[in-house]
Amino acid sequence: MWRGILLTQELPIEGPAEAELNRLIEILKKNEVIVRYQEAEENTKDNRALEQLVETIKSKQKETAAFEHYAKPAAAAKTAAELAELNKQLKDSIAVQQYREALWDANELLENVISIIQRGVDDAIEKDEA
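On a predicted model such as this, the values are computed, not experimentally measured, just so you know.

## Observations concerning helix α5 (residues 73-92)
Then step 1. When the terminal C-alpha atoms of α5 are compared, their 28 Å separation across 20 residues agrees well with the 28 Å that a helix rising 1.5 Å per residue should span.
Then step 2. Residues Ala76, Thr79, Leu83 and Leu86 constitute the buried set of α5. When α5 is viewed along its axis, its buried side chains cluster within an angular range of 90° and face the same direction. Facing away from the buried side of α5 by more than 90 degrees, the exposed set consists of Pro73, Ala74, Lys78 and Lys91.
Then step 3. Lining the buried residues of α5 we find α4 (48-69).

Structure, rendered in structure tokens:
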């Protein structure tokens, strides 16, 4: 998965740098944080109740827009209130909370890795310029 994300764009990386990138990708794939994120992502994808809730939310969004378009404020307000409750249910879902937490952790890990790589590159550039 990470290789696909990182290398979907044609990156001009060859030789030792490409080998190191592939090694880093393999390490990240096995990292506990990334594995937990991938599991949480699969759990949300395969959750029929969440899927139905999302479909209901989409339907209510369309209803609200239609009521607003046809100047029916009472119906739009009622549907908007129903939509707010559905969104709260989605947000409060354990699967969604676990997914968001895992996504946050994975994001933080990747930002730290990028920061470390950037510092290494900056240091290497400074050495070359000196």
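## Considerations on the pattern of salt bridges
Then step 1. Taken as a whole and assessed by the stated rule, the structure comprises eleven salt bridges.
Then step 2. Arg36 is paired through a salt bridge with Glu101; the nearest N and O atoms lie 3.7 Å apart. Note that Arg36 is positioned in helix α3 (residues 32-45) and Glu101 in helix α6 (residues 94-129), a separation of 65 residues in sequence.
Then step 3. Salt-bridge contacts for Asp105 lead to Arg36; the nearest nitrogen and oxygen are separated by 2.3 Å. Here Asp105 is found in helix α6, whereas its partner Arg36 is found in helix α3, with 69 residues between them in sequence.
Then step 4. The class for Asp105 is partly exposed, based on a relative accessible area of 24%.

## Quick notes on the packing of α4 against α5
Then step 1. Packing of α4 against α5 brings their axes to within 9 Å, and their N-to-C directions diverge by 160°. The angle between the axes of α4 and α5 places the two elements in the roughly antiparallel class. Both α4 and α5 take part in a crossing whose hand is left-handed. From α4, Leu50, Leu53, Val54, Thr56, Ile57, Lys60, Gln61, Glu63, Thr64, Phe67 and Glu68 reach across to α5, where they touch Ala75, Ala76, Thr79, Ala80, Glu82, Leu83, Leu86, Asn87, Gln89 and Leu90.
Then step 2. Residue composition of the contact of α4 with α5, grouped by class: eleven nonpolar, six polar and four charged.

## Some words on a nonpolar patch on the surface
Then step 1. A grouping of Ile117, Val121 and Ile125 is seen on the molecular surface, where their side chains present a nonpolar patch of about 230 Å² in accessible area.
Then step 2. Tracing the sequence through the fold places Ile125 in helix α6.
Then step 3. In this structure Ile125 comes out as partly exposed when scored by relative accessible area, which is 41%.

## A short note on a negative patch on the surface
Then step 1. Taken together, Asp122, Asp123, Glu126, Asp128 and Glu129 make up a surface patch of like negative charges.
Then step 2. Within the secondary structure layout, Asp128 lies in helix α6.

## Concerning unusual backbone geometry
Then step 1. Its identity is not glycine, yet Ala71 carries a phi of approximately 55°, on the positive side.
Then step 2. Of note, Ala71 is situated in the loop between α4 and α5.
Then step 3. We classify Ala71 as exposed; its relative accessible area is 60%.

Thresholds, definitions, all that
- Residues numbered from 1 in each chain as written.
- Predicted model: local features only at pLDDT ≥ 70, side-chain atom pairs only at ≥ 80, totals over all residues.
- Heavy atoms only, no water.
- Helix = DSSP H or I, 4+ residues; strand = E, 2+ residues; numbered from the N terminus.
- Expected span 1.5 Å × (residues − 1).
- Buried < 20%, exposed > 50% of the residue type's maximum accessible area, 1.4 Å probe, protein only.
- Arc of directions from axis to C-beta.
- Contact = heavy atoms within 4.5 Å.
- Salt bridge = Lys/Arg side-chain N within 4 Å of Asp/Glu carboxyl O.
- Axes fitted to C-alpha atoms, helices over the stretch in contact; angles between N-to-C directions.
- Parallel < 35°, antiparallel > 145°, perpendicular 65-115°, else oblique.
- Left-handed = near helix turned anticlockwise from the far one by under 90°.
- Nonpolar A, V, L, I, M, F, W, Y, C, P; charged D, E, K, R; others polar.
- Patch = residues over 30% accessible without salt bridge, like charges linked within 9 Å, V, L, I, M, F, W, Y side chains within 5 Å.
- Areas by Shrake-Rupley, 256 points an atom, 1.4 Å probe, with all protein chains shown as cover.
- Lys, Arg positive; Asp, Glu negative; His and termini not counted.
- Charge placed at Lys NZ, Arg CZ, Asp CG, Glu CD.

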